[in-house]
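A structural walkthrough
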Amino acid sequence: MSNQIKIERVAEDKKAGMTLGDVFAFAQDALNHNIDPRTPVKVTAGFRQQIQKLEAGGAR
């Protein structure tokens, strides 16, 4: 049995979407939790393609 970790970040303003800083913080958080950098990222986008949510996960 392996432990799984899931990193998730949601835009503060879903209408405007995420900032570059939000995306950077998400990537840093994932790397700090030793999630493999090759792990696919699930993106939830709005009608105007703004990033509303990012998710990634992996084994601990």
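Placed above this text is the structure.
So, here's what we can say about the structure. Residue positions are counted from 1 within each chain, in the order its sequence is given. Since the coordinates come from a predicted model, pLDDT governs what is reported: local features require at least 70, and pairs of side-chain atoms require 80 or more to be given and counted, while whole-chain, interface and lining totals use all residues. Excluded from the side-chain calculations are hydrogens and water; all other atoms, namely the structure's heavy atoms, are used.

**Considering the pattern of salt bridges**
What makes a salt bridge here is a side-chain nitrogen of Lys or Arg within 4 Å of a carboxyl oxygen of Asp or Glu, nothing more. Applying the stated criterion across every chain yields a total of six salt bridges. Between Glu-8 and Lys-53 there is a salt bridge whose closest N-O contact spans 3.6 Å. Linking Glu-8 in strand β1 (residues 4-10) with Lys-53 in strand β3 (residues 51-59), this pair joins segments that are 45 residues apart in sequence. Each residue is placed in one exposure class: buried if its accessible area under a 1.4 Å probe, protein chains only, is under 20% of its type's maximum, exposed if it is over 50%, and partly exposed if it falls in between. Using a relative accessible area of 41% as the deciding quantity, one classes Glu-8 as partly exposed. The residue Lys-53 makes a salt bridge to Glu-55 at a minimum N-O spacing of 3.8 Å. You can call Lys-53 partly exposed: its relative accessible area is 24%. Per the convention used, a helix needs a DSSP run of H or I reaching at least four residues, while a strand needs a run of E reaching at least two, with both numbered from the N terminus.

**Description of helix α1 (residues 20-32)**
In this scheme, a helix's expected span is set at 1.5 Å multiplied by one less than its residue total. Taking 1.5 Å per residue as the helical rise, α1 with its 13 residues ought to reach 18 Å, and the 18 Å between its terminal C-alpha atoms agrees with that figure. With its phi angle positive at about 60 degrees, Asn-34 sits one or two positions after the end of α1.

**Focus on the side chain of Glu-55**
For Glu-55, the position within the fold is in strand β3. Exposure remark for Glu-55: the relative accessible area of 11% places this residue in the buried category. As used in this structure description, the phrase polar contact means that two N or O atoms lie within 3.5 Å; if the pair is within protein, one of them must be able to donate a hydrogen and the other to accept it, and residues adjacent in sequence are counted only when both atoms belong to side chains. A polar atom in the side chain of Glu-55 sits 2.9 Å from the side chain of Lys-6. When checking whether two residues touch, look at their non-hydrogen atoms; a contact exists if any pair is within 4.5 Å. If we skip the residues at most four places from it in the chain, Glu-55 touches Lys-6, Ile-7, Glu-8, Phe-26, Pro-40, Val-41 and Lys-42.

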